[in-house]
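Analysis of the macromolecular model
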Amino acid sequence: QVQLVESGGGLVQPGGSLRLSCAPSGSIFSINVMSWYRQAPGKQRDWVASIFTAGARTYAESLKGRFTISRDNAKNTLYLQMNSLKPEDTAVYYCSARAASLSYWGQGTQVTVSS
C-alpha cells in the first residue's frame, strides 16, 4: 500500500507560479513511477507529467516549458513546479504512484488561476 498526500495548491494570478508537493508513505520502495494529473471542472482527468525511478521525465506536450516535475529523494517528496500559469490551468491536481502494477492516488489539491 502507498499513501499520497498533496499540498501547495491555492489561488494565483495569471502569469504567477506555484509549486505542488506530494509526500508518499507506506511501501514506497515498490514505486517505479510517480505522476501528476489534473482534472478541470466538468472535464476528464488528464495526465500532466511523470518521473521514473531512474530519473527520466515525461510531460504532456502542451505543458512542456511551463511545468517541471522533480523529486527530492532525501525528503521523499515529489514536486510540480508550475510557471506562467493561465486560467485554463485551473483544476484539481492529483499525485499518482505506480507500484507493483497498482495505481495509487492522493486526495488532490485545488489550483485556481484567476485575477
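It should be noted that the structure appears before, not after, this text.
To start, this report covers the structure provided alongside it. All figures in this text were calculated on a predicted structure; none of them were measured in a lab.

1. Considering the overall build of the protein chain
Along its length, the protein chain carries zero helices and 11 strands. Secondary structure elements of the protein chain occur, N-terminal to C-terminal, as β-β-β-β-β-β-β-β-β-β-β. Here the protein chain has a C-alpha radius of gyration of 13 Å; the compact-globule value for 115 residues is 13 Å, and the two agree. In the protein chain, buried positions account for 42% of the 115 residues. When the accessible surface of the protein chain is split by element, carbon and sulfur atoms take 50% of a total near 6,100 Å².

2. As for the state of the cysteines
Should the sulfur atoms of two cysteines be covalently bonded, the bond is a disulfide. Taken as a whole, this structure holds one disulfide when the rule is applied. There is a disulfide in this structure between Cys22 and Cys95, and the S-S distance comes to 2.0 Å. Taking the sign of the S-S torsion, about -75° here, the bridge from Cys22 to Cys95 comes out left-handed. Of the two residues, Cys22 sits in strand β3 (residues 18–26) while Cys95 sits in strand β9 (residues 91–99), which places them 73 residues apart along the sequence. Classification of Cys95 by relative accessible area gives buried; the value is 0%.

3. Examining the nonpolar core
In terms of nonpolar packing, the biggest core is built from 30 residues, with Met34, Trp36, Leu80 and Met82 touching the most fellow members. Looking at this core, the elements that each hand over two or more residues are β1 (2–7), β3, β4 (31–39), β5 (45–52), β7 (67–72), β8 (77–82), β9 and β11 (109–113). With five residues, the top contributor of residues to this core is β9.

4. Some thoughts on the side chain of Thr90
Mapped onto the elements, Thr90 comes out in the loop between β8 and β9. From its side chain, Thr90 meets the backbone nitrogen of Val113 in a polar contact 2.9 Å long. In contact with Thr90, other than residues within four places in its own chain, are Ala40, Pro41, Gln110, Val111, Thr112 and Val113.

Reading the values: rules and limits
- Residues numbered from 1 in each chain as written.
- Predicted model: local features only at pLDDT ≥ 70, side-chain atom pairs only at ≥ 80, totals over all residues.
- Heavy atoms only, no water.
- Helix = DSSP H or I, 4+ residues; strand = E, 2+ residues; numbered from the N terminus.
- Rg over C-alpha atoms; globule rule 2.2 N^0.38 Å.
- Buried < 20%, exposed > 50% of the residue type's maximum accessible area, 1.4 Å probe, protein only.
- Areas by Shrake-Rupley, 256 points an atom, 1.4 Å probe, with all protein chains shown as cover.
- Disulfide = S-S within 2.5 Å.
- Core = buried A, V, L, I, M, F, W, Y, C linked by side-chain atoms within 4.5 Å.
- Polar contact = N/O pair within 3.5 Å; in protein donor to acceptor, adjacent residues only side chain to side chain.
- Contact = heavy atoms within 4.5 Å.

Worth remembering: the numbers are spatial, not functional.
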